[in-house]
Amino acid sequence: MTGSGDVKVFLERLNRARADGQAKVEIDFNRVTHPSSPLPYEAVKGRIAYLYIAIAAAVAIGARWGLGAGWTVVLEAVAVVSVLYWLIGKRFLERRATGKIIGQLTSDGDAWEKIWRFGGITVRISKDGAEEVWVAPKDSWKSAHDRLVG
């Protein structure tokens with residue numbers, strides 16, 4: 001199995017199995033978004049950080065000039081917003097970004113092969129009551145394809 005045609009067939013079958021609940025694709029968000037990743041997903045982390053800075057600045061400006069609060073109250077408000085963001089908001093945004101990245105990877109054979117060689121992706125296939133796991137780059141996605149077919 002070589003060539004982009006085989007990757008395309010594999011991804012179609014994988015997406016069908018995912019829709020049927022028989023397969024699951026997981027990524028290591030930090031690895032896939034690392035600056036040395038072969039795909040340009042490091043910008044995703046930057047956007048998440050910039051969003052935090054924008055929210056903190058908006059709260060600070062709104063509290064200070066919009067509500068006329070003192071600096072102590074402004075810092076307390078920014079601290080509360082920061083804790084909420086890092087506990088809830090960041091996780092939500094990373095989950096959402098993970099879904100988009102997986103969607104892109106499972107629709108583009110070249111991207112799939114690049115990220116598989118780099119690592120940070122796991123495929124789980126449940127068939128006949130047994131689950132098998134393939135972890136990039138140590139395992140071959142081609143054996144996962146064989147499992148989907150057979």
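Data block above holds the structure.
Reference entry: report on the structure contained in this document. On a predicted model such as this, the values are computed, not experimentally measured, just so you know.

### What about the environment of Trp141?
Move 1: Here Trp141 is to be found in helix 6 (residues 141-149).
Move 2: The buried category is assigned to Trp141, whose relative accessible area is 5%.
Move 3: Spatially, the C-alpha atom of Trp141 lies 50 Å from that of Glu76, the residues being 65 residues apart in sequence.

### A look at the side chain of Thr106
Move 1: Positionally, Thr106 belongs in the loop between helix 4 (71-105) and helix 5 (109-118).
Move 2: At a separation of 3.3 Å, a polar atom in the side chain of Thr106 contacts the side chain of Arg18.
Move 3: Discounting chain neighbours no more than four positions away, the residues touching Thr106 are Leu11, Leu14, Asn15, Arg18, Val25 and Trp112.

### Quick word on the packing of helix 3 (residues 42-66) against helix 4
Two quantities define a packed helix pair, namely the angle between the axes and the distance from one axis to the other.
Move 1: Two elements in contact, helix 3 and helix 4, have axes separated by 9 Å at closest approach and are oriented at 155 degrees. Between helix 3 and helix 4, the angle is such that the two are roughly antiparallel. Between helix 3 and helix 4 lies a crossing whose hand is right-handed. The segment helix 3 lies against helix 4, with Val44, Ile48, Leu51, Tyr52, Ile55, Ala56, Val59, Ala60, Ala63 and Arg64 engaging Trp71, Val74, Ala77, Val78, Val81, Ser82, Tyr85, Trp86, Lys90, Leu93, Glu94 and Ala97.

Conventions adopted
- Residues numbered from 1 in each chain as written.
- Predicted model: local features only at pLDDT ≥ 70, side-chain atom pairs only at ≥ 80, totals over all residues.
- Heavy atoms only, no water.
- Helix = DSSP H or I, 4+ residues; strand = E, 2+ residues; numbered from the N terminus.
- Buried < 20%, exposed > 50% of the residue type's maximum accessible area, 1.4 Å probe, protein only.
- Polar contact = N/O pair within 3.5 Å; in protein donor to acceptor, adjacent residues only side chain to side chain.
- Contact = heavy atoms within 4.5 Å.
- Axes fitted to C-alpha atoms, helices over the stretch in contact; angles between N-to-C directions.
- Parallel < 35°, antiparallel > 145°, perpendicular 65-115°, else oblique.
- Left-handed = near helix turned anticlockwise from the far one by under 90°.

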